[in-house]
Amino acid sequence: MPLMRYISGRLVSGVFTIWFIATATFFVMHWVPGDPLSDEKAVSPEIRKNLEARYGLDKSLGTQYWIYITSMARGDFGISYTQKNRSVNDIIAMHFPVSAMLGALAVLFATVGGILWGAVAARYRNRWPDGAIMFAVILTVSVPSFVFAALSQHLIIKLNQLLGFSLLPVAGWGGFRNMLVPALVLGLGTMAYLTRLMRASTLEVAGSEYIKTARAKGLSSLQIFRHHEFRNAVLPLITVLGPAIAAITTGGFVVELIFTIPGLGRYFVAAVQQLDYTVIMGTTVFYGAFLVLMVLLVDIIYGLVDPRIRLQGKGAGVRA
Amino acid sequence: MAERELLVVDELRVEIPTHGGFVRAVRGVSFSMEPGKTLALVGESGCGKSVSVQAMLGLINVQGLRLAGEARFMGQDLLAMSEAQLNTVRGARIGMVFQDPLSAFNPTRTIGEQIAEGLVLHKGMAKQAALEEARRLLDECRLSEPARRVVQYPFELSGGMLQRAMIAMALACGPQLLIADEPTTALDVTTQDQILWLMQELQRSRGMSILLITHDLAVVARMADDVAVMYAGQLVERAGVDDLFSHPTHPYTRALMRATPHGEMVRGEPLASIEGSPPDLFAPPPGCGFCPRCDHAMRICEDRVPLLFTSRRGGGVSRCWMEHPDYSRARVVGDA
Amino acid sequence: MLNPNGAGEPVSAAIPVELFEPLQGERQRDFIARPSIGYWQHVWLRFKHNRIAMVALVVVASLVLFAVAGPWLWRVDPAAQSIGSRSLGPTLQRKAEVVSWRPWMFSAAAYQQSMADPAVDVVVADANTEFVRLWWRGVEGAVRYEVYRSIGGDLASDATGLPLEDIEAESVPRLEDRLDLRQRDYTYIIHAVDERDQVLQRYSQTVSPSLAIAIMDAQLEGLVPVHMAVGDIEGTGLVLPAHPLGTDHLGRDILARLMYGGRVSLFIGVAAPLFYVLFGALYGGIAGFLGGRTDDVMMRMADFIVALPFLLFMILFRVLFDVQPGESGISAMLVAMIVLGWPSTARLVRGQVLQLKELAFVNAAQILGARPLYIILTHMLPNVMGVLLVSLTFAIPSAIFTEAFLSFIGLGVAPPAPSWGSMCNDGIRTMLSHPHELMFPAVAISLAVLAFNLLGDALRDAFDIREGVTDG
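Residues numbered from 1 in each chain as written. Chains lettered and ligands numbered in written order. Predicted model: local features only at pLDDT ≥ 70, side-chain atom pairs only at ≥ 80, totals over all residues. Heavy atoms only, no water.

What follows concerns the overall build of chain B. Within chain B one finds 13 helices and twelve strands. In terms of overall size, chain B behaves like a compact globule, its C-alpha atoms giving a radius of gyration of 21 Å where 336 residues would be expected to give roughly 20 Å. The principal-axis extents of the C-alpha atoms in chain B amount to approximately 80 × 50 × 40 Å. Burial statistics for chain B: of 336 residues in total, 57% are counted as buried. Put simply, 63% of the contacts in chain B that link residues at least 6 apart link residues at least 24 apart. On chain B, roughly 13,300 Å² of surface is accessible, and the fraction owed to carbon and sulfur atoms is 51%. (Helix = DSSP H or I, 4+ residues; strand = E, 2+ residues; numbered from the N terminus. Rg over C-alpha atoms; globule rule 2.2 N^0.38 Å. Buried < 20%, exposed > 50% of the residue type's maximum accessible area, 1.4 Å probe, protein only. Contact = heavy atoms within 4.5 Å. Areas by Shrake-Rupley, 256 points an atom, 1.4 Å probe, with all protein chains shown as cover.)

Printed below as a string of structure tokens:
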């Protein structure tokens, strides 16, 4: 089965990549000057010993690495340095769903919007809708996401003042209304990127020989768009969805910060500021694994959709 | 006006906009085709043979394209038709076969779907019936295991098989005219032969006309009834196939023939090449386009474009000053 | 079948014999209508004709000039704070009076005298941006006075909000206001209230404070010499510095900060890509040139780096470099960008080199015995230059973005060193009341990113010499 071979190949390389991320994280953190406990104020030698034992810092580097890797493999990320009674797993379990929900909605906005705008721009190539869309795209790509976040907050406040009641919350977390604007802001950059890609891809397909064949068959431009152009133009977009999801999840830091959303990104930033080593390591490896998984998933979906991979087990460079 | 001819192309001009200005790709081409016959359009790449045919069918999708002249197909001018009117002709009454079969098929849809598409559109067939008809057409085009091919994707077939499938697709709605644009160029020699056989066989059984675009004189000799030779966007010679090969008149045609390997060649005999390169069609030369490369160039050739003169030998016409009635008079004077 | 229309020429015009003379001698076989131009010339021509590209180029040059040469022209310390001019909008030079605050010494006689005119209820004794002093006609039966301050004119009594001050009734009812005064109109509304909280009398008075600066502040900001006696300075006029783009929440000049911040942002934005594009090109070039197993292993490594979550590792480097919270991690940021950024260029260049290796002219050179170095320098490099230049141009805006992003979340350049990102971070706090503090640095970032993006687009177009002309 070519498809199974394709999927298992991707799986193996995915596991390898996660291992690499975990190892890289371990050594980067291990080279940190000083030791994680030096910040503890007035630690008596006994307490220090206890703490070292608790975090396994008294063992050799090899043993530490072994313990680290095996517990990571079991899905155990250890205990937070700053909040002594919370495990990193708890923190991730509590905050990640928030980030994931926000990210999922943002990805939805970005893909639907990107495909739509890109297709419209390509269909009206070199006419005003194309010009307007591409201008918006270049503008969106050039303005930092935090500016959009701030602006949208400003707009919400003005809107609520104008209406006299609170249509949309300015910040915070709760229902769907809380997610709407942050997700839109979060997905904006990716939407612009996908719009650009979709336009280019549609134009490339439109210039291909098989579209000429379809025209020679007497199909109208709308029929050609529906049966040939759209589908083929969307296919390559799937391949960049993995990296796009990555960009959106990590881009979530800013949006979570500005809209005060209790997601993992905000927690990560706080952890770095407080030098909470286990949380930093755990979150990095967790995010890394999550992204690898997403890319894997996207690859598999692409394999199912593209007959060339489904039937032959090989395809053009799937990762962007 | 009822015409005996299936297709009459009259003074077709095509200018393609590019960054540097308009490329005068086709500069006044005229020819006509009778039903059931094969006309070959010959010339080197870039001479405008594909462009003229594709422009005629509205297949050049370039903004700002300039088209002039007439192309009457069954009495109706294709150039004057709206896109919707053209769509009732393309695929239904004119079928088209392209050079590279692999890129001419949509890679993500099955062969059957792509053949059935035209049938559903022009004949109002149901999807299932159209797929069955597609299988029958593939069979007619001598493609092995037609039932399996229907559900296969283009990348699963070889070039020769795909070209058969493409012919099946072009013939699906029973067109009066089949336009084959370099149909065998991308194929290996044995496959080329099979495809040419197939086309001849289908022409006999269906009685359609074929407009064959090629640069290969061997293919011309084998397939064509009439030949039109193009150079630098113009027709330089038109003749019946026998006339052309026995009495090639235009220096370009003759140079082309010398540059083609043929049966009577002696081992080690070099092939003649045509020195120089075709003129730049951004700014075509004022005189004969072939003049700079021509061994017989005269002073008049440099600044006046020759018309199509009736050839002195054979039954065709030739765009060369040497065929001008005054030429022989001048020769006599000059020799004296 | 053949259309005879074109054949034959009007016989009447006989052609002169001499025109049929054959052309003699060596002839130019190619008819050349346009001069042939080289690759780089071609690229430059295309680029030059792209109007957007030229505009983008000018914008980039101006931004660089602004950051590099700007501080020589605009000699204002970007770190100098000014308590008196916090969160100012764009202002020109202003004249201010140097004042010094002392307890309000007034005489009852002067009060009585000013109240002699029955038409006058409120008298403004002093009005400058350091202090406003008013007194008013006492009201019979009032136990206290509520004083409201409004910037929206004389408001109805139910719209005034909380009182600025609640004053016990005295023989000289008066108010001294020193609360964050600016150069604008204030309307003071005074309610005389009896013991049952009934409003007996309502006065309103509009005051336009003149610009003033306290002696201490003037000395701190170096506007007046410290050793001068207070008496000599007090009451003199002084020119306060202009702030063309206003000041931030600490009274620092935004124009100066934008210039210095531009140095940091553009330095990171250009330096990091320069290093990693060069390294990536070298890496990818070697992998592609050597090919085989070496290529496999090298590109596998690159894949791993790509798989690392970029921003998270950017931040990890901060930890690795032992950057404490609140410290600037410019070098950490640079190193992290270089370590994590190179694979995309490496892939691109490798692809190019692999393609070039297959091309006939490279093969020919190899067969002719050219040394690898020679092939790389003469055949590979010129052909890869375009890709390199384009990817460098696109890497710059993304590096500027990354810096801004990290500084914004407080993990990049930290105060007091300005960068456009950290200025945005400062500005977002006062976004609602003073939007210019966020707007100017945000516009600077956007302008730079936009210009580099457009430049990249134009370069890509200029280097891509394929043109879609259908084959005849």
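Still to come is the rest of the account.
Right, let's get into the overall build of chain C. Counting its secondary structure elements, chain C contains 14 helices and ten strands. When each of the 472 residues of chain C is scored for burial, the buried share is 45%. Residue pairs in contact within chain C that sit at least 24 positions apart in sequence constitute 72% of those at least 6 positions apart. Accessible surface, chain C: about 23,900 Å² in total, of which carbon and sulfur atoms supply 61%.

So, about the sheet that holds strand β6 (residues 174–177) of chain C. The pairing of strands in a sheet happens through backbone hydrogen bonds and is either parallel or antiparallel. Residues and elements named next belong to chain C. If you walk across this open sheet you meet the three strands as β2-β3-β6, and the pairing is antiparallel. Bordering the open sheet on either side are β2 (122–127) and β6, each of which pairs with just one other strand. The sheet shows a mean angle of 15° between the axes of neighbouring strands, taken without regard to direction. Here β2 pairs with strand β3 (residues 132–136) via five bridges, running antiparallel. By the bridge assignment for β3, Val 122 is matched with Trp 136. (Pairing = 2+ DSSP bridges. Axes fitted to C-alpha atoms, helices over the stretch in contact; angles between N-to-C directions.)

Here the focus is the sheet that holds strand β4 (residues 144–150) of chain C. All names here are of chain C. Across the sheet, which stays open at both edges, the four strands sit in the order β5-β4-β7-β8 with antiparallel pairing between neighbours. With partners counted over all chains shown, the strands left at the sheet margins are β5 (165–168) and β8 (199–207), one partner each. Sheet twist, expressed as the mean angle between neighbouring strand axes with direction ignored, is 20°.

Turning to the nonpolar core, a few remarks are in order. Of all hydrophobic cores here, the largest spans 172 residues; its most connected members are A:Tyr68, A:Phe146, A:Phe253, C:Ile409 and C:Trp420. Considering every element that reaches this core, the biggest residue donor is helix α7 (residues 254–290) of chain C, with 15 residues. Counting 113 residues, the second largest nonpolar core, distinct from the first, contains B:Leu39, B:Met169, B:Leu187 and B:Ala255. (Core = buried A, V, L, I, M, F, W, Y, C linked by side-chain atoms within 4.5 Å.)

Now for the environment of C:Ile409. The residue C:Ile409 is located in the loop between α12 (372–408) and α13 (420–429) in this model. Since its relative accessible area comes to 3%, C:Ile409 is described here as buried. Separated by 295 residues in the primary sequence, C:Ile409 and C:Ser114 have C-alpha atoms spaced 58 Å apart. If near-sequence neighbours (up to four positions away) are discounted, C:Ile409 is found in contact with A:Phe253, A:Val254, A:Leu257, A:Val269, A:Gln273 and C:Ile315.

We now examine the environment of C:Phe313. Mapped onto the elements of the fold, C:Phe313 is located in helix α9 (residues 310–320). Through-space distance from the C-alpha of C:Phe313 to that of C:Leu340 is 8.2 Å; in sequence the pair is 27 residues apart. Dropping the residues within four chain positions of it, C:Phe313 is found in contact with A:Ile21, A:Ala24, A:Thr25, A:Val28, A:Thr284, C:Leu308 and C:Leu340.

Now for the interface of chain A and chain B. Listed by partner, the interface residues are 23 residues for chain A and 29 residues for chain B. Summed over both partners, the interface of chain A with chain B comes to about 2,400 Å²; 52% of that surface belongs to carbon and sulfur atoms. Summed over the shared surface of chain A and chain B, the number is two salt bridges. Inspection of the region where chain A meets chain B yields 14 residue pairs in polar contact (both at pLDDT 80 or more). (Buried area = accessible area lost by both parts, 1.4 Å probe. Salt bridge = Lys/Arg side-chain N within 4 Å of Asp/Glu carboxyl O. Polar contact = N/O pair within 3.5 Å; in protein donor to acceptor, adjacent residues only side chain to side chain.)

Okay, the packing of helix α1 (residues 2–30) of chain A against α9(C) next. Where α1(A) meets α9(C), the axes come as close as 9 Å, and the angle between the chain directions of the two elements is 25°. By the angle class used here, α1(A) and α9(C) are roughly parallel. Within the contact between the two elements, α1(A) uses A:Ile21, A:Ala24, A:Thr25, A:Val28 and A:Met29 and α9(C) uses C:Phe313, C:Leu316, C:Val319 and C:Leu320. For the contact of α1(A) with α9(C), the class distribution of residues is eight nonpolar, one polar and no charged. (Parallel < 35°, antiparallel > 145°, perpendicular 65-115°, else oblique. Nonpolar A, V, L, I, M, F, W, Y, C, P; charged D, E, K, R; others polar.)

With that out of the way, let us pick up the domain arrangement of chain C. Examined at the domain level, chain C breaks down into domain 1 (58–75 + 251–462) and domain 2 (98–213). Taking only C-alpha atoms, the centre of domain 1 of chain C and the centre of domain 2 of chain C are 59 Å apart. (Domains from an automatic or database assignment.)

This part takes up the packing of helix α8 (residues 209–216) of chain A against helix α9 (residues 221–239) of chain A. Residues and elements named next belong to chain A. For the pair α8 and α9, interaxial distance at closest approach is 11 Å and the crossing angle is 170°. When the interaxial angle is binned, α8 and α9 end up roughly antiparallel. Here Tyr 210, Ile 211, Ala 214 and Arg 215 of α8 come into contact with α9, specifically with Ile 224, His 228, Glu 229 and Asn 232. For the contact of α8 with α9, the residue count by class is four nonpolar, two polar and two charged.

This next bit is on the pairing of strand β3 (residues 38–42) of chain B. Residues and elements named next belong to chain B. In terms of burial, β3 is largely enclosed, as five of its five residues are buried. Burial along β3 is two-sided: Thr 38, Ala 40 and Val 42 and Leu 39 and Leu 41, pointing in opposite directions, are all buried. Alignment of β3 against strand β8 (residues 209–214), held across five bridges, turns out to be parallel. Bridge pairing in β8 places Leu 41 opposite Ile 213.

Glancing now at the pattern of salt bridges. For the coordinates displayed, the defined rule picks out 36 salt bridges over all chains. For A:Arg196, the salt bridge goes to C:Asp457, with nearest N and O atoms at 2.7 Å. On the criterion of chain membership, the pair formed by A:Arg196 in helix α7 (residues 176–206) and C:Asp457 in helix α14 (residues 436–463) is interchain, its members lying in two chains. In this structure, B:Glu15 and B:Arg24 form a salt bridge, with 4.0 Å as the shortest nitrogen-oxygen distance. Overall, B:Glu15 belongs to the buried group, its relative accessible area being 17%. Note on B:Arg24: relative accessible area 29%, which makes it partly exposed.

Okay, the side chain of C:Asp177 next. All names here are of chain C. Inspection of the secondary structure puts Asp 177 in strand β6. Side chain to side chain, Asp 177 and Tyr 188 meet in a polar contact 2.5 Å long. Ignoring sequence-local partners within four residues, the contact set of Asp 177 consists of Glu 130, Phe 131, Val 132, Arg 149, Leu 164 and Tyr 188.

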